[in-house]
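Residue-level listing of the chains:
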Amino acid sequence: MSARPALIVIEGVTKRYLSSSGPVEALHDVSLAVEEGAFCTLIGPSGCGKSTLLGMLGGLVTPDQGRLLVDGRPVTGPDPRRVATVFQDAGLFPWRTALQNVEFGLELQGVPAERRRRTAADLLGPLGLSGFAEKYPRELSGGMKQRVAIGRALALDAKILLMDEPFGALDEQTRVLMGEWLLDIWRRTRKTVIFVTHSLHEALFLSTRVAVMTARPGRIKAALDLTMEYPRSMESSEMVALRAKLWSEIREESLRAMR
Amino acid sequence: MTLPVVGLRLALLALCLALWEVAGRTMNPLLGVPPSAVVPALRDLLLLRSYPDLLSSLALTVREIATAYALAVAAGLGCGFMLGMHRLVGRAWGPMLAALYAVPAVVWYPSLMLFFGLDAASKIAFGFLLGFFPIALAVLAGIRQVNPQLVVVARAYGAGTVTVFRRVMLPAMLFTLVGGLRTGLALCVIGVIVGEILGSKAGMGALINHAYGLLRTGDYVALVLVTLTLVVGSDVLASLLEHRARRWTE
């Protein structure tokens with residue numbers, strides 16, 4: 001653990017939902033601290049409340065108990081100046097072009113049209129979307145859509161980037177390439193990333209920290225710090241050992257979730 | 001539009017007119033009116049010779065349509081959004097609205113005449129009745145079309161209720177909504193004119209009734225043509241509105 005103060009603090013957070021078969025506890029007493037500049041991955045079986053936790057950090061879901069602090073201040077609602085979210089299926093506005101989608105957050109913040117257009121246009125280059133500014137989402141591939149969605153989040157210039165299985169809907173090859181690309185973006189922008197995934201590969205390849213969650217009700221079962229240099233080789237003996245360790249943790253929870 | 005499209009259109013029009021001319025000439029002249037006979041009738045009508053009160057009748061019908069449509073839009077949007085935004089209210093009353101729409105509206109017309117009399121009010125009421133449903137139902141369908149994930153995205157990016165409505169819901173439902181508004185206008189026009197034909201003392205429908213009743217078939221066809229122009233004109237207006245709306249959301 002480093003001495004830097006944590007940028008994100010989650011303390012004893014519990015969340016229950018009302019389902020048709022009665023109350024369901026989605027999260028139980030979850031605590032986690034993430035320091036500034038970290039790439040923290042939440043991994044765990046389906047329905048373990050990863051997305052709920054992310055929603056809370058984004059201010060879209062309120063906890064029943066416990067509290068969440070971002071930059072020392074409690075989360076009371078969406079705060080796009082500090083926290084930007086990338087959703088699982090891009091969630092682009094189909095009536096807006098790629099450029100206009102990237103501009104969306106700045107538009108809501110009242111940034112003058114010319115300035116936000118320039119910010120968005122400057123982002124398209126590193127996103128690999130230079131020639132696609134005027135394209136509508138239906139004209140873009142899955143990977144491109146997700147990059148537009150990431151551009152929309154980056155345009156906010158928030159310190160924190162929340163990513164809810166951003167590559168979950170992509171094919172394996174695109175996924176790997178998008179991971180490499182994201183790593184590059186992260187290292188250049190120095191954002192703090194909270195990344196939800198099902199993929200062991202993504203967790204090991206990208207993160208400085210991996211938090212394994214239990215089957216419902218979700219708790220933090222284990223948190224590993226990963227110190228290997230980037231870019232990482234998945235074949236190194238250290239990685240192979242870590243992968244085995246992580247898998248055994250997740251396997252147990254996934255089995256419980258299947259029951 | 002490309003030249004072949006225009007050409008084909010004109011060709012079909014010419015064919016129809018030719019068939020009409022042939023058919024009109026072989027029929028009893030009291031019933032069949034070939035285009036060649038319509039032209040002088042139309043001239044007399046437009047020069048206010050056959051029906052001196054054409055302009056005031058036209059103005060009355062347009063006024064009735066405008067009033068009926070304004071009421072239908074206001075009530076349709078109001079009802080639609082009320083049912084669409086409140087889940088419970090929508091679940092309770094939405095199906096009733098749809099069921100009511102399925103009733104052939106003409107069955108209400110006699111009672112509308114009883115309530116509102118033979119003057120403009122009953123025509124406005126009937127036009128309203130026809131125009132209201134497609135607008136209200138289009139709002140309901142439009143709201144159902146909004147992808148809830150986009151609402152979540154907008155909220156995460158700092159949008160409040162009004163912004164969500166303006167930036168997400170309206171653009172997402174725009175096509176359905178404008179389609180409903182267009183259908184609503186067309187039905188308002190039909191409602192008012194049918195209302196006038198079924199029983200009135202003034203307006204285009206009354207003139208049509210008069211010409212038809214006296215077997216002044218040439219005048220009758222000329223009046224129908226003028227009314228047709230009115231209907232087509234209203235649809236052109238609606239399509240302008242559609243373009244405006246599309247530009248506004250972008």
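Residues numbered from 1 in each chain as written. Chains lettered and ligands numbered in written order. Predicted model: local features only at pLDDT ≥ 70, side-chain atom pairs only at ≥ 80, totals over all residues.

1. Digging into the overall build of chain B
And step 1. Scanning chain B for helices and strands turns up 10 helices and 0 strands.
And step 2. In chain B, the succession of α and β elements from N to C terminus is α-α-α-α-α-α-α-α-α-α.
And step 3. Principal axes of the C-alpha set define a box for chain B whose edges measure 70 × 55 × 30 Å.
And step 4. Put simply, of all contacts in chain B between residues at least 6 apart along the chain, 72% involve residues at least 24 apart. (Helix = DSSP H or I, 4+ residues; strand = E, 2+ residues; numbered from the N terminus. Contact = placed C-beta atoms within 7 Å.)

2. Here we look at the overall build of chain A
And step 1. The number of helices and strands found in chain A is 7 helices and 10 strands.
And step 2. Radius of gyration (C-alpha) of chain A: 18 Å, near the 18 Å computed for a compact globule of 259 residues.
And step 3. Expressed along its principal axes, the backbone C-alpha trace of chain A runs to roughly 50 × 45 × 40 Å.
And step 4. For chain A, with 259 residues in total, the buried portion stands at 42%.
And step 5. Considering only intrachain contacts with a sequence separation of at least 6, the fraction spanning at least 24 residues in chain A is 71%. (Rg over C-alpha atoms; globule rule 2.2 N^0.38 Å. Buried ≥ 20, exposed ≤ 12 C-beta atoms within 10 Å, placed from the backbone.)

3. Considering unusual backbone geometry
Residues and elements named next belong to chain A.
And step 1. Backbone torsion omega between Arg 216 and Pro 217 reads -5°, so that peptide bond is classified as cis.
And step 2. A positive phi is found at Ala 90, a non-glycine position, where the angle reads about 50°.
And step 3. Mapped onto the fold, Ala 90 is located in the loop between strand S6 (83-86) and helix H2 (98-108).

4. Notes on the sheet that holds strand S9 (residues 209-213) of chain A
Residue and element names in this part refer to chain A.
And step 1. As summarised here, the arrangement of the 6 strands in space is S6-S7-S8-S3-S9-S10, forming an open sheet in which the pairing is mixed. The two strands at the open ends of the sheet, each matched to only one other strand, are S6 and strand S10 (220-225). In this sheet, neighbouring strand axes are inclined to one another by 15° on average, regardless of whether the strands run parallel or antiparallel.
And step 2. Across 4 bridges, the pairing between S6 and strand S7 (residues 160-164) is parallel. Bridging across to S7, Thr 85 finds its partner in Leu 162.
And step 3. The strands touched by helix H4 (residues 142-154) are S6 and S7; relative to S6, the strand with the most contacts, the crossing angle is about 175°. (Pairing = 2+ DSSP bridges. Axes fitted to C-alpha atoms, helices over the stretch in contact; angles between N-to-C directions.)

5. Overview of H4(A)
Within an α-helix, residues lying three or four positions from one another point in the same direction, as the helix has 3.6 residues per turn.
All names here are of chain A.
And step 1. If you check H4, its first and last C-alpha atoms are 18 Å apart, about what 13 residues at 1.5 Å a residue would give, namely 18 Å.
And step 2. Where burial is concerned, most of H4 is hidden: 12 out of the 13 residues are buried.
And step 3. Gly 143, Met 144, Lys 145, Gln 146, Arg 147, Val 148, Ala 149, Ile 150, Gly 151, Arg 152, Ala 153 and Leu 154 are the residues of H4 that are buried.
And step 4. In this structure, the buried side of H4 is in contact with S6, H2, helix H3 (113-124), S7 and helix H5 (172-189). (Expected span 1.5 Å × (residues − 1).)

6. Examining helix H4 (residues 87-102) of chain B
All names here are of chain B.
And step 1. Taking 1.5 Å of rise per residue, 16 residues should cover 22 Å, and H4 covers 23 Å from first to last C-alpha, within 8% of that figure.
And step 2. Remark: the principal bend of H4, roughly 35°, maps to Trp 93, with a proline, Pro 95, within the next four residues.
And step 3. Little of H4 is tucked away, with 0 of its 16 residues classed as buried. (Bend = angle between axes of the 7 residues up to and from the residue.)

7. Here we look at the pairing of S10(A)
All names here are of chain A.
And step 1. Pairing geometry for S9 and S10, over 5 bridges, is antiparallel. The residue bridging Val 212 from the neighbouring strand is Ala 222, located in S10.
And step 2. In sequence, S9 turns back onto S10 through a hairpin of 6 residues.

8. Quick notes on the interface of chain A and chain B
Where interface size is given, it is often the accessible area lost as the parts come together that is meant.
And step 1. With 14 residues of chain A at the interface, the matching set in chain B holds 13 residues.
And step 2. Looking at which element gives the most residues to the side of chain A that touches chain B, the answer is H2(A), with 3 residues.

9. Considering the confidence of the model for chain B
All names here are of chain B.
And step 1. Taken as a whole, chain B shows an average pLDDT of 89; of its residues, 98% reach a score of 70 or greater.
And step 2. Mean pLDDT in chain B bottoms out at helix H10 (residues 217-249), which sits at 84, and peaks at helix H7 (residues 148-156), which reaches 94.
And step 3. The ipTM assigned to the predicted complex is 0.89, against a pTM of 0.80. (pLDDT = per-residue confidence, 0-100.)

10. Some remarks on the packing of helix H3 (residues 54-85) of chain B against H4(B)
Residue and element names in this part refer to chain B.
And step 1. The contact between H3 and H4 brings their axes to 7 Å, and the two run at 135°. With respect to H4, the element H3 is oriented oblique. Contacts between H3 and H4 pair Met 82, Leu 83 and Gly 84 from the former with Val 89, Gly 90, Trp 93, Gly 94 and Leu 97 from the latter.
And step 2. Taken together, the residues that form the contact of H3 with H4 break down as 5 nonpolar, 3 polar and no charged. (Parallel < 35°, antiparallel > 145°, perpendicular 65-115°, else oblique. Nonpolar A, V, L, I, M, F, W, Y, C, P; charged D, E, K, R; others polar.)

11. Some thoughts on the nonpolar core
Generally speaking, nonpolar side chains in soluble globular proteins are found buried as a group.
And step 1. In terms of nonpolar packing, the biggest core is built from 122 residues, with Leu57(A), Leu162(A), Ile194(A), Cys188(B) and Leu223(B) touching the most fellow members.
And step 2. The element contributing the most residues to this core is helix H6 (residues 120-145) of chain B, with 15 residues.
And step 3. Look past the residues within four positions of Leu223(B) in its chain and what remains in contact with it is Leu45(B), Met204(B), Leu207(B), Ile208(B) and Ala211(B). (Core = buried A, V, L, I, M, F, W, Y, C linked by C-beta atoms within 7 Å.)

12. Quick look at the packing of H3(B) against H6(B)
Residue and element names in this part refer to chain B.
And step 1. The contact between H3 and H6 brings their axes to 6 Å, and the two run at 35°. The two elements H3 and H6 cross, and the hand of that crossing is right-handed.
And step 2. The residue makeup of the contact of H3 with H6, split by class, is 21 nonpolar, 6 polar and 2 charged. (Left-handed = near helix turned anticlockwise from the far one by under 90°.)

13. Points about the environment of Leu123(A)
All names here are of chain A.
And step 1. Position of Leu 123 among the secondary structure elements: in helix H3.
And step 2. With 21 C-beta atoms packed within 10 Å, Leu 123 lands in the buried category.
And step 3. Measuring from C-alpha to C-alpha, the distance between Leu 123 and Lys 50 comes to 29 Å, with 73 residues separating the pair along the chain.
And step 4. Non-local contacts of Leu 123, meaning those with residues more than four positions away in its chain, are made with Val 102, Gly 151, Leu 154 and Ala 155.

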